[in-house]
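Summary of structural features
Chain residues, written in single-letter form:
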Amino acid sequence: MVEYKKYTLDNGLTLLVVEDVSTPLVSVNSLFGVGARDENPSRTGFAHLFEHLMFGGTANVPDYDKVVTVIGGDSNASTNNDFTQYHLTVPARFLETAFMLESDRMCNLDLSPRSLAVQQSVVTEEYNYRYLNRPYGDMWLHLRPLCYRVHPYRWCTIGADIAHVQEATLDDVASFYNRFYCPDNAIVAVVGNVKSDEVLRLAEKYYGNIPLGGKPQRCLPAEPRQTEPRSLSLNRDVPSNALYLAYHAPARLDPDLRAADLVSDILSNGRSSRLYNRLVKAKALFTEIDAFITGDVDPGLFLVAGKLCDGVAFDAAIGAVEEELASLSSDPLPHGELEKVQNRFESTFVYGYYKALDRAQLLCYYDWLGHIDWINNEPLLYRQVSEEDIHRVAAAMFRKDNQSTLLYNACGA
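Keep in mind that what you see is a predicted model, and the values were worked out from it rather than measured. (Residues numbered from 1 in each chain as written. Predicted model: local features only at pLDDT ≥ 70, side-chain atom pairs only at ≥ 80, totals over all residues. Heavy atoms only, no water.)

**Here's the deal with the overall build of the protein**
Helix and strand counts for the protein stand at 15 helices and 11 strands. Its C-alpha atoms give the protein principal-axis dimensions of about 65 × 50 × 40 Å. With 413 residues in all, the protein has 56% of them scored as buried. For the protein, the computed accessible surface area is about 18,200 Å², with 50% contributed by carbon and sulfur atoms. Separation between the mean location of the 38 positive side-chain charges and that of the 54 negative ones in the protein comes to 2 Å. (Helix = DSSP H or I, 4+ residues; strand = E, 2+ residues; numbered from the N terminus. Buried < 20%, exposed > 50% of the residue type's maximum accessible area, 1.4 Å probe, protein only. Areas by Shrake-Rupley, 256 points an atom, 1.4 Å probe, with all protein chains shown as cover. Lys, Arg positive; Asp, Glu negative; His and termini not counted. Charge placed at Lys NZ, Arg CZ, Asp CG, Glu CD.)

**Examining the pattern of salt bridges**
This model, assessed by the stated rule, comprises 21 salt bridges. A salt bridge links R258 to E378; the shortest N-O distance between them is 2.8 Å. With R258 in helix α9 (residues 256-268) and E378 in helix α14 (residues 374-383), the pair connects residues that are 120 residues apart, well separated along the chain. By relative accessible area, which is 8% here, R258 ends up buried. (Salt bridge = Lys/Arg side-chain N within 4 Å of Asp/Glu carboxyl O.)

**Side note on the sheet that holds strand β3 (residues 25-32)**
What holds strands together in a sheet is hydrogen bonding between their backbones, with the strands either parallel or antiparallel. Taken in spatial order, the six strands line up as β1-β2-β6-β3-β5-β4 in an open sheet, and their pairing is mixed. Among the strands making up the open sheet, the edge pair consists of β1 (5-8) and β4 (74-79). Looking at each pair of strands side by side, their axes are set apart by 15° on average, direction ignored. In this structure, strand β2 (residues 14-19) lies alongside strand β6 (residues 186-192), joined through six bridges in parallel fashion. Bridging from a neighbouring strand, V17 pairs with V190 of β6. Strand contacts of helix α3 (residues 95-107): β2, β3, β5 (84-91) and β6, with the helix running at about 155° to β5, the strand carrying the most contacts. (Pairing = 2+ DSSP bridges. Axes fitted to C-alpha atoms, helices over the stretch in contact; angles between N-to-C directions. Contact = heavy atoms within 4.5 Å.)

**Section: the packing of helix α12 (residues 337-351) against α14**
Where α12 contacts α14, the axes come no closer than 9 Å and their chain directions differ by 170°. Our classification of the angle between α12 and α14 gives roughly antiparallel. Here α12 contributes E339, Q342, N343, F345, E346 and F349 to the contact with α14, which in turn contributes W374, I375, E378, P379, Y382 and R383. Residue composition of the contact of α12 with α14, by class: six nonpolar, two polar and four charged. (Parallel < 35°, antiparallel > 145°, perpendicular 65-115°, else oblique. Nonpolar A, V, L, I, M, F, W, Y, C, P; charged D, E, K, R; others polar.)

**Points about helix α5 (residues 139-147)**
Residues of α5 that are buried: M139, L143, R144, L146 and C147. The buried residues of α5 occupy an angular sector of 165° when the element is viewed end-on, so they sit on one face. Turning to α5, the residues buried within the fold contact β7 (230-236), β8 (242-248), β10 (301-308) and β11 (403-410). (Arc of directions from axis to C-beta.)

**Description of the packing of aromatic side chains**
Applying the stated criterion across every chain yields a total of 27 aromatic pairs. Ring geometry for F50 against F176: centres 5.4 Å apart, planes inclined by 25°, an arrangement best described as stacked. Of the two residues, F50 sits in helix α1 (residues 46-53) while F176 sits in helix α7 (residues 170-180), which places them 126 residues apart along the sequence. For the residue pair F50 and F176, the accessibility class agrees, reading buried in each case. (Phe/Tyr/Trp six-rings, centres within 6.5 Å; stacked < 30°, edge-to-face > 60°.)

**Thoughts on the side chain of D265**
Tracing the sequence through the fold places D265 in helix α9. Setting aside residues no more than four positions away along its own chain, D265 makes contact with S273 and V341.

**Topic: the state of the cysteines**
Enumeration over the complete set of coordinates arrives at zero disulfides. C182 takes part in no disulfide bond, and the closest cysteine sulfur to it belongs to C107, at a distance of 11 Å. A relative accessible area of 3% places C182 in the buried class. No disulfide involves C411; its sulfur sits 20 Å from that of C309, the nearest cysteine. (Disulfide = S-S within 2.5 Å.)

**Some details on the side chain of T44**
With respect to the helices and strands, the residue T44 is situated in the loop between β3 and α1. When its relative accessible area of 0% is taken as the criterion, T44 is described as buried. At 2.8 Å, the side chain of T44 forms a polar contact with the backbone nitrogen of A160. Leave out the neighbours within four places in its chain, and T44 touches E39, W155, G159, A160, D161, H164 and V165. (Polar contact = N/O pair within 3.5 Å; in protein donor to acceptor, adjacent residues only side chain to side chain.)

**Brief notes about unusual backbone geometry**
For residues other than glycine, phi is negative in most cases, and the peptide bonds are mostly trans. A positive phi is found at Y136, a non-glycine position, where the angle reads about 65°. With respect to the helices and strands, Y136 occurs in the loop between α4 (113-132) and α5. Y136 sits in the buried class, given a relative accessible area of 13%. Positioned with a positive phi, A284 is a non-glycine residue whose angle comes to about 50°. Structurally, A284 can be placed in the loop between α10 (274-282) and β9 (286-293). Looking at A284, the relative accessible area reads 40%, which means it is partly exposed.

This is the structure:
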């Protein structure tokens, strides 16, 4: 059970606090309601670019990383299609320093030509390394626009075209910063050896005078229902042939999302899972195979990804996967199979409470979703998923006209 206190400052900033005397540390996690889906189609990659720019320093603190290192802290950030998070863990006695650092870069970021040029170069190098120079690294660059035709999930967080980041101007990034990096679009969670009243006092001292920015309102285009199968085949210098089968899946706030997640666990969570036992061990069609959901806030994707054994034809591999997916639509589940994956979800979820940072991030996430109570009752909600739910959700997802197939042909294979 996570016991928390929630406050809202006059400027709209949400503050969440968990007192934990078992640790000498404190973690501060800041979630901003901005992700790749919020970008202009002609200016993509900005949410991720800002993940880098936010470490570029301010007029008050020119070298953010140096200060964090001096006080024995650790910091990082992450961006996805829906939101961006920044986290900082420090000895508890440096909580005020942490608040000074995080509030300062919320409103005083150094958006200079030099800072922008440095981070444009860093992002370009990341793009080359992660997406172009790694086997199967460009998968999402091709699969997202194959699955999405209208919704902004059709591009990756790195952007639809790296040129958008490379050609960004100071006016472009300043406009993005002023629109999204404001207290009324932020949630700050503090977990560690702290007292709630002191955390609130420091929050009001360091965040209270930051003017609200007018929380951005979204009006995103809904992705039309897919009505026919789609496919794309790539020739690449990769170790082996690979396939990716993608199906449109429920949105994060749709109760059916939990059934879709459990379906992915039934299929591929561990060596006792169906796909491993049947398609890797028994039939030797794949060297490895996985199934997972993206879990996006808007309707996301259910993916099956596998590397084929030498000599296995794509048609045979796809047919075998489709047979396994179809069985989940109607065949009775073996006794205890659903309970097993529900137990595994609960153990993984509860283990996520272990670190202060994990709790801080979960608190921010669930509060941003509008369901902060899920921090304590999500396992119970997963327990309520029935076998009938598994069949119904599987049947709705695993339709041939809802399938997008991306194939990697290994050069020389």
